[in-house]
Amino acid sequence: MKVMTATEASRNFAAVLDEAEHGEMIVVTRGGRRIAVIGPAPVAPGRMVKAFLARSAGTLDAEFEADVTAARESVRDEMRTTWPDA
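This structure is a prediction, so every number in the text was calculated from the model and none was measured.

**Some words on the environment of A36**
No. 1: Within the fold, A36 resides in strand 3 (residues 33-38).
No. 2: Note: C-alpha distance between A36 and A6 (30 residues apart in sequence) is 9.0 Å.
No. 3: If we ignore the near neighbours within four places in the chain, the residues touching A36 are I26, V27 and V28.

Shown next as structure tokens:
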């Protein structure tokens with residue numbers, strides 16, 4: 001785990017993001033205190049969300065199920081972009 005001051009992180013933000021993208025965790029400090037941790041974003045569980053919705057079909061409150069169906073249809077293409085395994 002790498003430690004950087006806020007000033008260092010600010011001046012080298014693109015490099016910090018590159019390191020996070022490659023799995024590195026960066027602790028950012030200010031005045032000697034930890035103020036943030038920058039690291040890789042978790043993988044979106046598209047397949048898990050899709051499986052949950054399929055398992056829950058017919059068992060959810062009718063109003064909630066209608067809302068979920070409407071939401072899925074309105075973002076179907078964006079969901080595939082965000083969660084390619086969906």
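Moving on from the model shown.
**Side note on the pattern of salt bridges**
Opposite charge on two side chains allows them to pair when their charged atoms are near.
No. 1: According to the stated counting rule, one finds one salt bridge in the structure shown.
No. 2: The residue K2 makes a salt bridge to E19 at a minimum N-O spacing of 3.1 Å. You can see K2 sitting in strand 1 (residues 2-5) and its partner E19 sitting in helix 2 (residues 13-21), a full 17 residues away along the chain.
No. 3: Judged by relative accessible area, K2 falls into the partly exposed class, the value being 33%.

**Some thoughts on the sheet that holds strand 2 (residues 26-30)**
No. 1: With respect to topology, three strands assemble into an open sheet ordered 1-2-3, the strand pairing being mixed. The outermost strands of the open sheet, each flanked by one partner alone, are strand 1 and strand 3. The average undirected angle you get between the axes of adjacent strands in this sheet is 30°.
No. 2: As judged from the four bridges shared by strand 1 and strand 2, these two strands associate in the parallel manner. Residue pairing in the sheet places V3 in a bridge with V27 of strand 2.

**Brief notes about the pairing of strand 2**
No. 1: The buried fraction of strand 2 is high, at four of five residues.
No. 2: The pairing of strand 2 with strand 3 spans five bridges and is antiparallel. Residue I26 lies in a different strand from strand 3, and its bridge partner there is I38.
No. 3: Once strand 2 ends, the chain turns through two residues before running back antiparallel as strand 3, passing G31 with a positive phi of about 60°.

**Overview of the nonpolar core**
No. 1: By size, the foremost hydrophobic cluster in this structure holds seven residues: M4, A9, V16, A20, I26, V28 and I38.
No. 2: Elements with a minimum of two residues in this core: helix 2 and strand 2.
No. 3: In this structure V16 touches M4, A9, I26 and I38, once residues within four positions along its chain are discounted.

**Some points on helix 3 (residues 46-56)**
No. 1: For helix 3, every residue scored as buried is listed here: G46, L53 and S56. Relative to the axis of helix 3, the buried residues are bounded by an arc of 105° and lie together on one face. Projecting away from the buried face of helix 3 at angles above 90 degrees are the exposed residues R47, M48, A54 and R55.
No. 2: Contacts made by the buried residues of helix 3 are with helix 4 (62-74).
No. 3: Where helix 3 ends, the next residue or the one after it, G58, has phi of about 85°, a positive value.

What counts, and where the lines are drawn
Residues numbered from 1 in each chain as written. Predicted model: local features only at pLDDT ≥ 70, side-chain atom pairs only at ≥ 80, totals over all residues. Heavy atoms only, no water. Helix = DSSP H or I, 4+ residues; strand = E, 2+ residues; numbered from the N terminus. Contact = heavy atoms within 4.5 Å. Salt bridge = Lys/Arg side-chain N within 4 Å of Asp/Glu carboxyl O. Buried < 20%, exposed > 50% of the residue type's maximum accessible area, 1.4 Å probe, protein only. Pairing = 2+ DSSP bridges. Axes fitted to C-alpha atoms, helices over the stretch in contact; angles between N-to-C directions. Core = buried A, V, L, I, M, F, W, Y, C linked by side-chain atoms within 4.5 Å. Arc of directions from axis to C-beta.

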